[in-house]
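# Fold and contact review
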Protein chains: 2
Amino acid sequence: MFDTFFHKSTIPAETKIAMLIMDGLGGLPAEPGGKTELETAFTPNMDALAARSELGLTMPVGPGITSGSGPGHLAIFGYDPLQYEIGRGALEALGIDFEMGADDVAARGNFCTIDENGILTDRRAGRLSTEESKKLVEQLRTIKIDGVEIFVEPVKEHRFAFIMRTPGLAEDLSESDPLKTGVATMPVKALTPEAQKAALITNEFIEKARILLKGQHPANMIMLRGFARFPKVPTYSEIFKLHPAAIAVNGMYRGVARLVGMDILPVDGATLADEFTTLEKYWEKYDFFYIHFKKTDTYGESGDFAGKVKAIEEFDALIPRLMQLQPDVVVIGGDHSSPAILHSHSWHPVPILLYSKYTRSNGLAQFGEQACSQGSLGVIPAKYVMPLALANAGRVAKYGA
Amino acid sequence: MFDTFFHKSTIPAETKIAMLIMDGLGGLPAEPGGKTELETAFTPNMDALAARSELGLTMPVGPGITSGSGPGHLAIFGYDPLQYEIGRGALEALGIDFEMGADDVAARGNFCTIDENGILTDRRAGRLSTEESKKLVEQLRTIKIDGVEIFVEPVKEHRFAFIMRTPGLAEDLSESDPLKTGVATMPVKALTPEAQKAALITNEFIEKARILLKGQHPANMIMLRGFARFPKVPTYSEIFKLHPAAIAVNGMYRGVARLVGMDILPVDGATLADEFTTLEKYWEKYDFFYIHFKKTDTYGESGDFAGKVKAIEEFDALIPRLMQLQPDVVVIGGDHSSPAILHSHSWHPVPILLYSKYTRSNGLAQFGEQACSQGSLGVIPAKYVMPLALANAGRVAKYGA
């Protein structure tokens, strides 16, 4: 109810908002009572900004929920991540920069190994290399099905993305992967009458793939799962009256940004400094910028505490380039936590910093988990960051008299 | 869901609650890193009380939303302001102390100027004086419509309130104000079949007003908009088992208090000290008192930082008179923020202080935005203040065994 009401309350303005997302920002101390990655990092620029900002902690999905990057991003972008679910297949397509259309149904594909009786013996075909996998994908691309456009795109190792495009598809399909060896792979079943057409196409594709791959080894079969359409999400221009742009190097983040209607800006290079160069170049053309920084999550997930600290310091060093552009509102936060000691995403709320001329500074000259837990924003659902950013940008109408 | 449950949980008791509302209380520092109006003010009495209270911040409507006084009051009174909307016309009637009945539909009226072809040339009839306007209202009062009671009440300058009273009215009417000059004023249209009767009456009134005002200048026509019924709000006695009274000088606040079923107490004079005299006089007769202080908002909206500081100090000086009455629960807060530097209402959460014998004091001997952001209440929806006040007053039953 609040979300719908809020969307009706937004108004256009000339102000600019910059949202900087350090992927997997939130962390944990390496030992009890110690400092987190963010607290350990030397971050003079963000600390100075924190002294002029409101701090808090964001919950991407809800208390205790460890969020993936998809829902984590949707949330910090201002959406309820439980309302807009990005299915596995759509996520796989997003991740390789595949532009899904409204008619498309995507699935995650696996090469696998079956024996002469069709019994699954290796669900990942010996985790074949990305190189080998790419060659097999070329073979799969020769498969034709009447009246349907089929796309097969290589992902990593034994994985690929499968997308079918034709009107009248639905995503309610059972999976062909039995999730264990020693049994046969399964044909796909339509779970609703609307999905019949998609089921027929999928099974025809799987059967043709089986014939095509027969006699090869170890990848002599495929499995498909996570059938999904691209979720219909109201765009930033519709609900926030913004003209938004995204600056991200990795496909999946560009994909989620495209989902909410952001223009994807080209980045010449792959570093954060390169992303800032793009920011500077396009600063006049948009009023909302999303800048994504992947390294924090990569180090968090690989358990590299020091690496994550260094990544945060690299990020901090670039903040002066942002502030020189004189943004009206700055948001610095994350899509979820990825504490190095957990080697994975986690449920911990994520530090958030909100800067504008109209924030009540917290007198806390440090950007870190501890300081943020004392901040005036409190512990809030991540989806409320955008309402606050828009208010600080003078982009929300008054309610009632 | 919680609201309904809570309403069933309230029980009567002998305790007394005083809720003091400083209109537009929340503020911002005059310069970054400085103190807000409330933090600047010398408030020894509230600071001493703060040391024995729980502090926090309230969001009237939701994150990022700038609330009007109507919804802001409904929220601090314990209602969801998105569930109970007070339409423009009803608000206009509230503001002039007009007692709307269940059958009434009210609208905001404007005197305006049209040319000989009926084309609108001035939407405010030269912003005619309140005195002139009052005389014209007397003329409008001579208009009779069969079977309908019509009320026309002067407001300020070119504005008046129009209320029709008869069974079978609905508020779903289009507006007669085109909101721009150079076009004709419009007849009102029923937007639902139920509103047909109200549309007929309204158009007959407008036509009779046109004939009556013909040849006068500059006010030779009227426009009506913001048609609204009085929202049906469950009363304090129904949902909170309270016998409540309101002490307010301005009409609109008395109106919102009447809406929730408070008795409106007479105030001999217009100062806060006069309001406290009323409080002392009626202390034995009620168990809930709402005391409204307007000046803080007036100074905030006019951008007078020092004036708002002084108003808060005037308020603070009266606190000992309240405490001598030995209230069981004291709430001191605001309906919304009105930072002087913004010259307007704002979205910032509002300081709240909750005192009773049973609060966990925060050890924060200051009532201000910064201290409140550290308070144990956290940042909460304003509608949760009443549940907390009632609990502290021993007026909420235990749930489950």
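Residues numbered from 1 in each chain as written. Chains lettered and ligands numbered in written order. Predicted model: local features only at pLDDT ≥ 70, side-chain atom pairs only at ≥ 80, totals over all residues. Heavy atoms only, no water.

### Describing the overall build of chain A
A tally of helices and strands in chain A yields 15 helices and 13 strands. A compact globule built from 401 residues would reach a C-alpha radius of gyration of about 21 Å, and chain A, at 23 Å, matches this within 12%. Taken along the three principal axes of its C-alpha coordinates, chain A extends 70 × 50 × 40 Å. Scored against the burial criterion, the 401 residues of chain A give a buried share of 57%. A fraction of 74% describes how many contacts in chain A between residues 6 or more apart in sequence connect residues 24 or more apart. Accessible surface, chain A as shown: approximately 16,100 Å² in total, 53% of it carbon and sulfur. Charged side chains of chain A number 40 positive and 49 negative; the gap between the two group centres comes to 2 Å. (Helix = DSSP H or I, 4+ residues; strand = E, 2+ residues; numbered from the N terminus. Rg over C-alpha atoms; globule rule 2.2 N^0.38 Å. Buried < 20%, exposed > 50% of the residue type's maximum accessible area, 1.4 Å probe, protein only. Contact = heavy atoms within 4.5 Å. Areas by Shrake-Rupley, 256 points an atom, 1.4 Å probe, with all protein chains shown as cover. Lys, Arg positive; Asp, Glu negative; His and termini not counted. Charge placed at Lys NZ, Arg CZ, Asp CG, Glu CD.)

### Concerning the side chain of Thr43 of chain B
Within the secondary structure, Thr43 of chain B sits in the loop between helix 2 (37–40) and helix 3 (44–50). Those residues in contact with Thr43 of chain B, other than ones at most four positions away along the chain, are Ile312 and Asp316 of chain B.

### So, unusual backbone geometry
With omega at 0°, the peptide bond leading from His217 of chain A into Pro218 of chain A counts as cis. Here the phi dihedral of His343 of chain A falls at roughly 55°; this positive angle occurs in a residue that is not glycine. Note on placement: His343 of chain A falls in the loop between strand 11 (329–333) and strand 12 (350–355). Backbone geometry at Gln326 of chain B places phi at a positive 55°, although glycine is not the residue there. As for its position among the elements, Gln326 of chain B is in the loop between helix 13 (319–324) and strand 11 (329–333). Classification of Gln326 of chain B by relative accessible area gives exposed; the value is 67%.

### Considerations on the sheet that holds strand 13 (residues 378–381) of chain B
Residues and elements named next belong to chain B. The strand order 9-8-10-1-11-12-2-13 describes an open sheet built from eight strands, whose pairing is mixed. Strand pairing shows two members of the sheet lacking a second neighbour, strand 9 (263–264) and strand 13, which therefore form its edges. Relative to strand 10 (residues 288–293), strand 8 (residues 244–247) runs parallel, the two sharing four bridges. Paired with Ala246 across the strands is Tyr290, a residue of strand 10. (Pairing = 2+ DSSP bridges.)

### Some details on the pattern of salt bridges
Under the defined criterion, the tally for this structure stands at 38 salt bridges over all chains. Its salt-bridge partner being Glu92 of chain B, residue Arg88 of chain B comes within 3.4 Å of it at the nearest N-O pair. With Arg88 of chain B and Glu92 of chain B both in helix 5 (residues 88–95) and four residues apart, the pair spans about one turn of that helix. According to the relative accessible area criterion, Glu92 of chain B is buried, its value standing at 5%. Residues joined in a network through salt bridges with shared partners are Asp3, Asp80 and Lys383 of chain A. (Salt bridge = Lys/Arg side-chain N within 4 Å of Asp/Glu carboxyl O.)

### Quick notes on the packing of helix 6 (residues 130–140) of chain A against helix 7 (residues 196–213) of chain A
Between two packed helices, the angle of one axis relative to the other and the distance separating the axes together describe the packing. Residues and elements named next belong to chain A. Where helix 6 meets helix 7, the closest approach of the two axes is 10 Å, and the angle between their N-to-C directions is 120°. With respect to each other, helix 6 and helix 7 are oriented oblique. In terms of crossing hand, the pair formed by helix 6 and helix 7 is right-handed. Of the residues in helix 7, those touching helix 6 at Leu136, Gln139 and Leu140 are Phe205, Ala209, Leu212 and Leu213. Partitioned by chemical class, the residues of the contact of helix 6 with helix 7 number six nonpolar, one polar and no charged. (Axes fitted to C-alpha atoms, helices over the stretch in contact; angles between N-to-C directions. Parallel < 35°, antiparallel > 145°, perpendicular 65-115°, else oblique. Left-handed = near helix turned anticlockwise from the far one by under 90°. Nonpolar A, V, L, I, M, F, W, Y, C, P; charged D, E, K, R; others polar.)

### Some remarks on the domain arrangement of chain A
Many analyses report the size of an interface as the accessible area lost when the parts associate. Residues and elements named next belong to chain A. The domain architecture assigned to chain A consists of domain 1 (2–84 + 233–392) and domain 2 (91–228). Measuring from the centre of the C-alpha atoms in domain 1 to the corresponding centre in domain 2 gives 35 Å. Each partner contributes residues to the interface: domain 1 has seven residues there, and domain 2 has six residues. Overall, the association of domain 1 and domain 2 removes approximately 550 Å² of surface from exposure, summing both partners, and the carbon and sulfur fraction of that is 56%. When the buried surface of domain 1 facing domain 2 is broken down by residue, Gly251, Met252 and Arg258 rank first, second and third, together holding 66% of it. (Domains from an automatic or database assignment. Buried area = accessible area lost by both parts, 1.4 Å probe.)

### Observations concerning the relation of the copies chain B and chain A
Overlaying chain B with chain A gives an RMSD of 0.3 Å, the required rotation being 125° about an axis along which the chain moves by 0.0 Å. This pairing of chains is accounted for by a three-fold axis. Different-surface contact between copies: only 3% of interface residues of chain B are shared with the interface of chain A. (Least-squares fit on C-alpha atoms with pLDDT ≥ 70 in both.)

### Re the packing of helix 4 (residues 69–76) of chain A against helix 9 (residues 251–259) of chain A
All names here are of chain A. Axis separation between helix 4 and helix 9 bottoms out at 10 Å; the angle between their running directions is 40°. When the interaxial angle is binned, helix 4 and helix 9 end up oblique. In the crossing of helix 4 with helix 9, the sense of the turn from one axis to the other is right-handed. Contacts from Ser69, Gly70, His73 and Leu74 in helix 4 reach Met252, Tyr253, Val256 and Leu259 in helix 9. Among the residues making up the contact of helix 4 with helix 9, the classes are represented as five nonpolar, three polar and no charged.

### Comments concerning helix 12 (residues 305–317) of chain A
Residues and elements named next belong to chain A. Between its terminal C-alpha atoms helix 12 stretches 19 Å, which fits the 18 Å expected from 13 residues at 1.5 Å a residue. Turning to helix 12, its buried residues number three or more, namely Phe305, Gly307, Lys308, Val309, Ala311, Ile312, Phe315 and Asp316. With a side-chain oxygen lying 3.4 Å from the backbone nitrogen of Ala306, the N-terminal cap of helix 12 falls on Asp304. (Expected span 1.5 Å × (residues − 1). Polar contact = N/O pair within 3.5 Å; in protein donor to acceptor, adjacent residues only side chain to side chain.)

### Quick look at helix 9 (residues 251–259) of chain B
A turn of α-helix holds 3.6 residues, and therefore any two residues three or four places apart point the same way. Residues and elements named next belong to chain B. The element helix 9 is largely enclosed, with a buried count of eight among its nine residues. Three or more residues of helix 9 are buried, namely Gly251, Met252, Tyr253, Arg254, Gly255, Val256, Ala257 and Leu259. Looking at the packing, one finds that the buried side of helix 9 touches helix 4 (69–76), helix 5, strand 8, strand 9 and strand 10. A positive backbone phi angle near 90° is found at Gly261, which sits one or two residues after helix 9.

### As for the interface of chain B and chain A
Contacts between chain B and chain A engage 35 residues on the former and 27 residues on the latter. With both chains or domains summed, chain B and chain A bury close to 2,300 Å², and 63% of this area falls on carbon and sulfur atoms. A per-residue breakdown of the area chain B buries against chain A is headed by Pro63, Leu82 and Trp347 of chain B, which together make up 26% of the total. Scanning the region where chain B abuts chain A turns up zero salt bridges. Here chain B is connected to chain A by nine residue pairs in polar contact (both at pLDDT 80 or more). Broken down by secondary-structure element, the contributors of at least two residues to the side of chain B that touches chain A are helix 4, helix 5 and helix 14 (369–373) of chain B. Split into classes, the residues belonging to the side of chain B that touches chain A amount to 15 nonpolar, 17 polar and three charged.

### Details of the sheet that holds strand 9 (residues 263–264) of chain A
Residues and elements named next belong to chain A. Across the sheet, which stays open at both edges, the eight strands sit in the order 9-8-10-1-11-12-2-13 with mixed pairing between neighbours. The outermost strands of the open sheet, each flanked by one partner alone, are strand 9 and strand 13 (378–381). Its contacts with the sheet place helix 4 against strand 1 (17–22), strand 10 (288–293) and strand 12, and it is angled at close to 155° to strand 1.

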